Amino acid sequence: MSDAPSAGALTKAPADPSKGSLRILQLYPREMNIYGDYGNVLVLKQRLAWRGYGAEILEHNAGDAFPDDVDLIVGGGGQDSGQVVIQDDLQAIASTLRRLAEDGTPMLLICGLYQLFGNFFRTQDGTVIPGIGVLDLETRGGTERLIGNVVARSDEFGEIHGYENHSGQTFLGDGLRPLATVLKGAGNNAEEHHEGARYRNIVGSYLHGSLLPKNPAIADFLLRTAAERKFGAFEDDGVDDSLAELAREHAAARPR
Ligand code: GLN
């Protein structure tokens, strides 16, 4: 179920973004937006505003024309049934997404869309939902749901905190790097103790929560990359992350 506020409330950039605006596209907010995933978009917007940049929030839903000049792409999780609903449209925009990914557009892909940016998701009932092959990974639905709080460690982003809930178990191809090593929880699958994937400027992850409020290092990687691509630089005097730090401490202390 979508918990996105109406589009009109968020599409307007701040009145005077002195440094320019980034165009942030959320994919399929109706079907692919669970466990607070929309919070990722709000975090990106707020962290830009703190630095004097604007954000133009765009949505792509099934049947829409894909917008021009997208600087950053965000996709969330969804039920298997939601993934089936969007599959045809996703295939229709696949070549555009592949081109943007290869070109270095930063993307954050959570759970259900992380799976579908891979090669395929074979659900527990045997339905095969084709992916778009941006990430060399495949996902197989299992009888066991992997549910609970996760702590993972990444060389690039430090400790990552989030919440997982998925039946699909994901296996990365040989050349694809995981995002992080799991310290608590499952991550990609129940066997390998790694979580998510990193490819070009894409972060794929199973973690909801939302992910970005508790993981500002990932948010700023996405923003910095997008701003440098668009403006040549990311002017950043730093922001007060004491609340995020507190949230991370609480998350770390939670049971699985
Ligand atoms: N439906 C997928 C699964 O269960 C994705 C779930 C999700 O996005 N949380 O594996």
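A quick note: this is a predicted structure, and the numbers were derived from the prediction, not measured. Throughout, residues of each chain are indexed from 1 in the direction in which the sequence is written. Only residues with pLDDT of at least 70 get local features here, since the model is predicted, and only at 80 or more are side-chain atom pairs given and counted; chain-wide, interface and lining totals rely on the full set of residues. Water and hydrogen atoms were dropped before computing side-chain values, which therefore reflect all heavy atoms in the structure.

Focus on the environment of Ala244
Put simply, DSSP H or I for four residues or longer makes a helix, DSSP E for two residues or longer makes a strand, and each gets a number counted from the N terminus. Mapping Ala244 onto the fold places it in helix H8 (residues 242-253). On the basis of relative accessible area, Ala244 is assigned to the buried category, the value being 10%. With 38 residues separating them in the primary sequence, Ala244 and Tyr206 have C-alpha atoms 20 Å apart. Sequence-distant contacts of Ala244, defined by excluding residues within four places in its chain, comprise Pro213 and Pro216. Partly exposed residues are those whose accessible area sits between 20% and 50% of the maximum for their type, while under 20% is buried and over 50% is exposed, using a 1.4 Å probe and protein chains only. Residue contacts follow a heavy-atom distance rule, with two residues in contact if any of their heavy atoms lie within 4.5 Å.

Description of the site of the ligand
In the region of the ligand, 17 residues are neighbours, and Gly78, Asp80, Gln83, Cys111 and Gly168 sit closest. Residues adjacent in sequence count toward polar contacts only when both atoms are side-chain atoms; beyond that, a polar contact is any pair of N or O atoms within 3.5 Å, and within protein one must be able to donate a hydrogen and the other to accept it. Separating a nitrogen atom of the ligand from a side-chain N or O atom of Asp80 is a distance of 2.5 Å. Contact distances for the ligand include 3.0 Å between an oxygen atom and a backbone N or O atom of Ser167. Its free accessible area being 300 Å², the ligand has 98% of it covered by the protein chains. Looking at the shell around the ligand element by element, the count peaks at 4 residues for strand E8 (residues 158-172). When the residues that make up the shell around the ligand are grouped by side-chain class, the tally is 4 nonpolar, 11 polar and 2 charged. When at least one non-hydrogen atom of a residue lies within 4 Å of a molecule or strand, that residue is treated as near it. Under the convention used here, a 1.4 Å probe and the Shrake-Rupley method define accessible areas, while residue burial counts only the protein chains that appear. By the convention adopted, Pro, Cys, Tyr, Trp, Phe, Met, Ile, Leu, Val and Ala count as nonpolar, Lys, Arg, Asp and Glu as charged, and the other residues, Gly among them, as polar.

A look at the confidence of the model for the chain
The quantity known as pLDDT measures the predictor's confidence residue by residue, on a range of 0 to 100. Looking at the chain as a whole, its pLDDT mean stands at 93, while 93% of the residues score no less than 70. A low-confidence stretch, residues 1-13 stays under pLDDT 50, and its non-local contacts, those more than four residues away or across chains, total 26 contacts.

Remarks on the packing of aromatic side chains
Stacked, tilted and edge-to-face pairs are distinguished by plane angle, under 30 degrees for stacked and over 60 for edge-to-face with tilted covering the rest, among Phe, Tyr and Trp rings (Trp via its six-membered ring) whose centres lie within 6.5 Å. All chains considered together, the criterion is met by 5 aromatic pairs. When the centroid spacing of 5.7 Å and the interplanar angle of 75° are considered together, the rings of Tyr35 and Tyr163 count as edge-to-face. Of the two residues, Tyr35 sits in the loop between strand E1 (21-27) and helix H2 (38-50) while Tyr163 sits in strand E8, which places them 128 residues apart along the sequence. The class of Tyr35 is partly exposed, set by a relative accessible area of 35%. Exposure remark for Tyr163: the relative accessible area of 26% places this residue in the partly exposed category. Through a chain of ring-to-ring contacts, three or more aromatic side chains come together here, namely Tyr53, Phe231 and Phe234.

A word on the side chain of His161
Within the secondary structure layout, His161 lies in strand E8. Judged by relative accessible area, His161 falls into the buried class, the value being 2%. Residue contacts for His161: discarding those within four places in its chain leaves Val150, Val151, Leu207, Leu211, Lys214, Asn215, Arg248, Ala251 and Ala252.

Regarding the side chain of Ser205
Tracing the sequence through the fold places Ser205 in strand E12 (residues 202-205). The contacts of Ser205, once residues within four sequence positions are left out, are Leu109, Ile110, Cys111, Tyr114, Leu179, Glu195, Gly196 and Leu211.

Topic: the pairing of strand E3 (residues 72-75)
Burial along E3 is two-sided: the residues Leu72 and Val74 and Ile73 and Gly75 are all buried. When DSSP finds at least two bridges between two strands, those strands are taken to pair. Bridge count between E3 and strand E4 (residues 107-110): 3 bridges; the pairing is parallel. Bridge pairing in E4 places Val74 opposite Leu108.

Focus: the pairing of strand E9 (residues 180-184)
On a regular strand, one side chain projects to one face of the sheet and the next to the other, so that they alternate. Summarising the sheet, strand E7 (residues 137-154) and E9 pair through 3 bridges and their orientation is antiparallel. Of the residues in E9, the one forming a bridge with Arg153 is Thr181. In this structure, E9 lies alongside strand E10 (residues 194-195), joined through 2 bridges in antiparallel fashion. Residue Ala180 lies in a different strand from E10, and its bridge partner there is Glu195.

Overview of unusual backbone geometry
In this structure, Ser210 follows Gly209 across a cis peptide bond, with omega equal to 0°. When you line up the elements, Ser210 lands in the loop between E12 and helix H6 (211-214). Positive phi, normally seen in glycine, also occurs at Cys111, with a value near 45°. Relative to the assigned elements, Cys111 resides in helix H5 (residues 111-116). By relative accessible area, Cys111 is classed as buried at 4%. Positioned with a positive phi, His193 is a non-glycine residue whose angle comes to about 60°. By secondary structure assignment, the location of His193 is in the loop between E9 and E10.

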